[in-house]
Amino acid sequence: MHNLVAISRVLDWPSRVLGRWLPWLVATVVLLKFSTVALRYLFSSTSIKLQDSVTYAHASLFMLLVGYAYLRDDHVRVDMFYANMSARGRALIDLLCVMLCVLPFCAILGWFSWPYVSAAWAIREGALFFGGMPYTYLFKTVILAFTALLAVQAVAVALRCIAVLGGERVDVFETTGEAD
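Nothing here was measured: the structure is a model prediction, and the numbers come from that model.

Novice: Is there a simple way to explain unusual backbone geometry in this structure?
Specialist: Trans is the common state for peptide bonds, and a negative phi is the common state for residues other than glycine. Notably, Arg124 is not glycine yet its phi reads approximately 50 degrees, a positive angle. Examined against the element boundaries, Arg124 turns out to sit in the loop between helix H7 (87-122) and helix H8 (136-165). For Tyr135, which is not glycine, the phi dihedral falls at a positive 60 degrees. Position of Tyr135 relative to the elements: it lies in the loop between H7 and H8.

Novice: Please explain the packing of aromatic side chains as it appears in this structure.
Specialist: The relative placement of two aromatic rings is captured by the distance of their centres and the angle of their planes. Per the stated rule, a full pass over the model turns up five aromatic pairs. Where Tyr70 meets Phe173, the ring centres are 5.9 Å apart and the plane angle is 50 degrees; that geometry is what we call tilted. Separated by 103 residues along the polypeptide, Tyr70 in helix H5 (residues 66-71) and Phe173 in the segment after H8 bring together distant segments of the chain. Across the pair, exposure class does not vary: Tyr70 and Phe173 are buried alike. Taken together, a centroid distance of 4.6 Å and an interplanar angle of 75 degrees make the contact between Trp121 and Tyr137 edge-to-face. Residue Trp121 is found in helix H7, and its partner Tyr137 is found in helix H8; the two are separated by 16 residues along the sequence. When its relative accessible area of 32% is taken as the criterion, Trp121 is described as partly exposed. Taken together, the ring pairs connect Trp121, Tyr135 and Tyr137 into an aromatic cluster. Note that Arg124 overlies the ring of Tyr137, its terminal NZ or CZ placed 5.6 Å from the centroid.

Novice: Honestly, the packing of H7 against H8 in this entry has me stumped. Any pointers?
Specialist: In helix packing, the relevant descriptors are the interaxial angle and the interaxial distance, both defined with respect to the helix axes. Orientation of H7 relative to H8, taken along the N-to-C sense of each, is 160 degrees, at an axis distance of 8 Å. Taken together, H7 and H8 sit at an angle that is classed as roughly antiparallel. The way H7 lies across H8 gives a crossing that is left-handed.

Novice: Where do I start with the environment of Ala145 in this structure?
Specialist: Considering the arrangement of structural elements, one finds Ala145 in helix H8. Residue Ala145 is classed as partly exposed on the basis of its relative accessible area of 27%. Ala145 sits 22 residues away from Ile123 along the chain, and the two C-alpha atoms are 20 Å apart.

Rules and cut-offs
Residues numbered from 1 in each chain as written. Predicted model: local features only at pLDDT ≥ 70, side-chain atom pairs only at ≥ 80, totals over all residues. Heavy atoms only, no water. Helix = DSSP H or I, 4+ residues; strand = E, 2+ residues; numbered from the N terminus. Phe/Tyr/Trp six-rings, centres within 6.5 Å; stacked < 30°, edge-to-face > 60°. Buried < 20%, exposed > 50% of the residue type's maximum accessible area, 1.4 Å probe, protein only. Lys NZ or Arg CZ within 6 Å of the ring centre and 35° of its normal. Axes fitted to C-alpha atoms, helices over the stretch in contact; angles between N-to-C directions. Parallel < 35°, antiparallel > 145°, perpendicular 65-115°, else oblique. Left-handed = near helix turned anticlockwise from the far one by under 90°.

Purely spatial values, then, with no claim about function.
Right, dumping it as structure tokens:
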């Protein structure tokens, strides 16, 4: 069981790294949005690239931090019964959720996103609107990164759930302290 926990901690690494550095993107999104509003209302001007960059940065922020949110147990859950369960009961529920919901969702999303993303790469898809952000194919790749990050974190959570069910005393989610 110790090996499962050790492997799960290694699988946590991408979430921990992104969880430490990507929140700085929030400041970038705020500054970009402020710039968009300032251009519009102070100078009666606009920039499609600037507007696209707000959308790209905002969407990337949420998609790339999904694993960190899962690591920290910051996802939505109905705690009516879960909160009163034993650690083993919660681990069983979490393991079932990973196996029946999260991993199948990742597989389905990855399966259906692959042609979409690969088609964008095949033509090196550019701006969606004239004057917009180029390299749209790179942005679309974030969908696959989202899928991979969530799946890897789900496997890490599942390994810790199995360890708890096997009698190990370990937190399934990192709910206290700073990551890393």
